[in-house]
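Chain by chain, the residues run as shown.
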Amino acid sequence: MSPKTNSSSIQTSHQAQEKTVRVPRRSHKPSYGLTDAEITPELGRELAEFYRFMTSGALTSPSVKPITAVTAKNYLIQVRQFLGWMHRHRTPVVPLSQLRLSELFSTSGLRAEEAFGEKATPLRIANIEDYLRWLRLEREVAPSYELQVVKAFIWIVRFLEPVSTHQVLKRYSRERTSRREEGVLKGLRSLMRDIQIRAKTTQRVVDEASKRIDWLEFLDCVKQLKAECTLIGKSNQQRSKSAIATSIQRYLIFAFFSAIPERPRTVRELELGRTLVKRDELWYLELGPEDFKTGKTYLKLGEKHVIPIPQWYYPELEAWLFGYEDEAKNWQGYVDEKGNRCGWRQVFEPTHNFVFFQKNGNPFTSVTFSGFFKQVAYRLTGKACSPQLIRFMAIAHMRNSGASVEVMESLASLMGHSPQMQQKIYSRHAQTQKSTLALDALATISSEVLE
């Protein structure tokens, strides 16, 4: 089944785009992570081995599964940030020449073999506690960010045991964790519990009410982005291939959330042939237990959460992925310099199967994806709405529109969580909304009396 031209093919008339506005941010803080130039060859080899370890199937325990390349890269970023802190801010600082992954748990600054030779000195997590404290005080990070840091360190612990050079070859055949590793993992999981408890009472770094838009406003954003998918720009001039492809990807990302209010990770890691699948001319989102947060709770091994993609989404999706010839024999896609017809996706020459990615062709990280989404939302609405809020907005809209219990239960199943969690999410949104209404009413009264 070919996409219908009259449904939503790429438009040829231009509508004026709003001027791009930078998303307001907190005061700029200098970066502190290790740069590429600061990574020594020895540390570079360790980081490369650490990445292979996280993404390979030969892990230390049958109960620990490999993670996706995107998640592994995010953890690598966290580790480089931490090593940069050790080099720039830790007391005492660690010289670049001495930075190793084994330093993460070393209190003496000794090499791995020497530090682990100290029989009376177990692995410590003091460095991590100091780092988390520094992040809270100096960088003002949210508890959710701290949790990501600790998760990265849990993988480091799995990787480091055993750390001695003569033991490295045994790492992949080890069937059980050592007492030392168990102790550190216990300490890290205790840190995670403390952070999760603190997250329930900590005021959010950015007020959600200042970023939230309602569902109809979000759908209007999608409509505006679709109108921007034009071939002809201002003054009736042909837009650049890069500008056209950028507009199509922006629309597709926002439209995907409007069709299926998924978690940002699902959209960020959408992969052609794996989580985005075409069968019998129909498109499906297929998620395994490892592909979303609650997958292991709601899916058994080998099962998939299969969601049909609505057909109104097909024209731009196929123009982006492959290109196609519409009913009028017009090519809806990209034609390269050699005359090859393909999808607009190829403008950026990606070397992977991820559907969406950055302009440089690299996959999105959680940070770059969130930043991209906020930038677009702010340009269209004046609010830096994050992709994490989309699910809240969808639930609130359905509840406030009087959706039946059956519909709300179906929505919970679609989103991969329980009705109880759905109620919790809605209550949090409603509480903020109630407070905002009261503040607005009081402000109106005050202005009438005091002005």
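Just above, that's the structure.
Residues numbered from 1 in each chain as written. Predicted model: local features only at pLDDT ≥ 70, side-chain atom pairs only at ≥ 80, totals over all residues. Heavy atoms only, no water.

1. Some words on the overall build of the protein chain
Let me state the cut-off plainly: A run of H or I in DSSP becomes a helix once it reaches four residues, and a run of E becomes a strand once it reaches two; helices and strands are each numbered from the N terminus. Exposure classes here rest on a 1.4 Å probe applied to the protein chains alone. A residue is buried below 20% of its type maximum, exposed above 50%, and partly exposed in between. In what follows, a contact means two residues having at least one pair of non-hydrogen atoms within 4.5 Å. Every accessible area reported is derived by Shrake-Rupley at a probe size of 1.4 Å, with residue values counting cover from the shown protein chains alone.
In terms of regular secondary structure, the protein chain is built from 16 helices and seven strands. Each of the 451 residues in the protein chain was classed as buried or not, and the buried ones make up 46%. Within the protein chain, counting contacts between residues at least 6 apart in sequence, those at least 24 apart form 65% of the total. Surface summary for the protein chain: the accessible area is close to 24000 Å², and the carbon and sulfur share equals 52%.

2. Considerations on the packing of aromatic side chains
What counts, and what does not: When two rings of Phe, Tyr or Trp (its six-membered ring) have centres within 6.5 Å they constitute a pair, described as stacked for plane angles under 30 degrees, edge-to-face for angles over 60, and tilted for the intermediate range.
Under the definition given, this model contains 25 aromatic pairs. Where Tyr131 meets Trp134, the ring centres are 6.3 Å apart and the plane angle is 15 degrees; that geometry is what we call stacked. Here Trp134 and Tyr131 lie together in helix α5 (residues 126-139), a separation of three residues that amounts to about one turn. Judged by its relative accessible area of 15%, Trp134 falls in the buried class. Both rings, one in Trp283 and one in Phe322, keep their centres 6.2 Å apart while their planes meet at 15 degrees; by these two values the pair is stacked. Of the two residues, Trp283 sits in strand β2 (residues 282-287) while Phe322 sits in the loop between α12 (314-321) and β4 (324-325), which places them 39 residues apart along the sequence.

3. Observations regarding the environment of Ile307
In this fold, Ile307 is placed in strand β3 (residues 305-308). Relative accessible area serves as the criterion here: at 6%, Ile307 is assigned to the buried category. Placed 23 residues apart in sequence, Ile307 and Tyr284 show a C-alpha to C-alpha distance of 5.6 Å. When residues no more than four places from it in sequence are discounted, the contact partners of Ile307 are Ile260, Glu262, Tyr284, Leu285 and Leu414.

4. So, the side chain of Arg100
As a reminder, the rule being used: The charged-residue count follows a simple rule in which Lys and Arg add positive charge and Asp and Glu add negative charge, with His and chain termini not counted at all. When a carboxyl oxygen of Asp or Glu is within 4 Å of a side-chain nitrogen of Lys or Arg, the pair counts as a salt bridge. Any N or O atom pair separated by 3.5 Å or less is treated as a polar contact, with the protein-specific requirement of one donor-capable and one acceptor-capable atom, and with residues adjacent in sequence counted only for side-chain atom pairs.
Mapped onto the secondary structure, Arg100 falls in the loop between α3 (69-88) and α4 (112-117). Comment: no salt bridge for buried Arg100; closest opposite-charge side chain is Glu42, at 4.4 Å. Separated by 3.2 Å, the side chain of Arg100 and the backbone oxygen of Ser97 make a polar contact.

5. Looking at the sheet that holds strand β1 (residues 276-279)
The criterion, for reference: By this definition, two strands are paired if DSSP reports at least two bridges between them. Lines are fitted to the C-alpha atoms to define the axes, a helix being fitted only along its stretch in contact, and any angle between axes, read from their N-to-C directions, falls within 0 to 180 degrees.
Spatially, β1-β2-β3 is the arrangement adopted by the three strands of the open sheet, whose pairing is antiparallel. Each edge of the open sheet is held by one strand with a lone partner, namely β1 and β3. Across this sheet, the average inter-strand angle for adjacent strands is 35 degrees, counted without regard to direction. Relative to β2, α12 is tilted by about 80 degrees, and along the sheet it contacts β1 and β2.

6. Comments concerning the packing of helix α2 (residues 41-55) against α3
Between two packed helices, the angle of one axis relative to the other and the distance separating the axes together describe the packing. So the rule is basically this: Each crossing is labelled by how the near helix is turned from the far one, with a counterclockwise turn of less than a right angle marking it left-handed and a clockwise turn marking it right-handed. We call Asp, Glu, Lys and Arg charged. Ala, Val, Leu, Ile, Met, Phe, Trp, Tyr, Cys and Pro are nonpolar, and the rest, Gly among them, are polar.
Running from N to C, α2 and α3 cross one another at 145 degrees; their axes reach a closest spacing of 9 Å. The chirality of how α2 crosses α3 is right-handed. Of α3, the residues touching α2 (which contributes Leu43, Leu47, Phe50, Tyr51, Met54 and Thr55) are Ala69, Ala72, Lys73, Tyr75, Leu76, Val79, Arg80 and Leu83. Considered class by class, the residues forming the contact of α2 with α3 number 11 nonpolar, one polar and two charged.

7. Things to note about the state of the cysteines
What counts, and what does not: In what follows, a disulfide is any cysteine sulfur pair within 2.5 Å.
Across all of its chains, the model carries zero disulfides by this definition. Free cysteine: Cys385, not disulfide-bonded; nearest cysteine sulfur from Cys221 at 7.9 Å. Owing to a relative accessible area of 1%, Cys385 belongs among the buried residues under this scheme.

8. Structural notes on empty space enclosed by the protein
Stated formally: Both cavities and pockets are sets of points on a 1 Å grid over the protein atoms alone; in a cavity a 1.4 Å probe fits but cannot get out, in a pocket the set is open with protein on both sides within 12 Å along at least five of seven lines, and lining residues sit with an atom within 4 Å of a point. Grid points are joined across faces, edges and corners, and a volume is the space filled by probe spheres set on the points.
Enumeration over the complete set of coordinates arrives at two cavities of 30 Å³ or more. There is about 40 Å³ of room inside the second largest cavity.

9. Focus on helix α14 (residues 390-400)
Given 3.6 residues per turn, any residue in an α-helix points the same way as the ones three and four places further on. Of the positions making up α14, those classed as buried are Ile390, Arg391, Phe392, Met393, Ala394, Ile395 and Ala396. In the stretch just after α14, Gly402 is the one whose phi turns positive, near 80 degrees.

10. Describing the packing of helix α9 (residues 241-259) against helix α13 (residues 366-381)
Applied cut-off: Any angle from 65 to 115 degrees is called roughly perpendicular, while one under 35 is roughly parallel, one over 145 is roughly antiparallel, and all others are oblique.
In the contact formed by α9 and α13, the axes pass within 11 Å of each other and the chain directions differ by 95 degrees. Between α9 and α13, the interaxial angle falls into the category roughly perpendicular. Where α9 abuts α13, its residues Arg250, Ile253, Phe254 and Phe257 lie against Phe369, Phe372, Phe373, Val376, Ala377 and Arg379. Residue composition of the contact of α9 with α13, grouped by class: eight nonpolar, no polar and two charged.

11. A closer look at the pairing of β1
Here four bridges tie β1 to β2, and the two strands are oriented antiparallel to one another. By the bridge assignment, Lys278 is partnered in β2 with Trp283. With antiparallel pairing between neighbouring strands as the criterion, β1 and β2 make up a hairpin whose turn holds two residues, including Asp280 at a positive phi of roughly 50 degrees.

12. Focus: the pairing of β2
Burial of β2 is extensive: five of the six residues sit out of reach of the surface. In this structure, β2 lies alongside β3, joined through four bridges in antiparallel fashion. Bridging from a neighbouring strand, Leu285 pairs with Ile307 of β3.

13. A closer look at the pattern of salt bridges
Once their charged atoms are close, side chains differing in charge can pair, the charge on each being opposite to the other. Taken as a whole, this structure holds 16 salt bridges when the rule is applied. With its nearest N and O atoms 3.7 Å apart, the salt bridge here joins Glu281 to Lys278. The partner of Glu286 in a salt bridge is Arg279, and the shortest N-O contact between them spans 2.0 Å. By relative accessible area, which is 10% here, Glu286 ends up buried.

14. Describing unusual backbone geometry
With an omega dihedral of -5 degrees, the bond running from Thr91 to Pro92 counts as a cis peptide bond. The topology assignment puts Pro92 in the loop between α3 and α4. A positive phi angle, close to 55 degrees, is found at Glu140, a residue other than glycine. Phi is positive for Lys329, close to 70 degrees, though the residue is something other than glycine. Mapped onto the elements of the fold, Lys329 is located in the loop between β4 and β5 (331-332).

Functional significance is not addressed by these values, which are geometric in nature.
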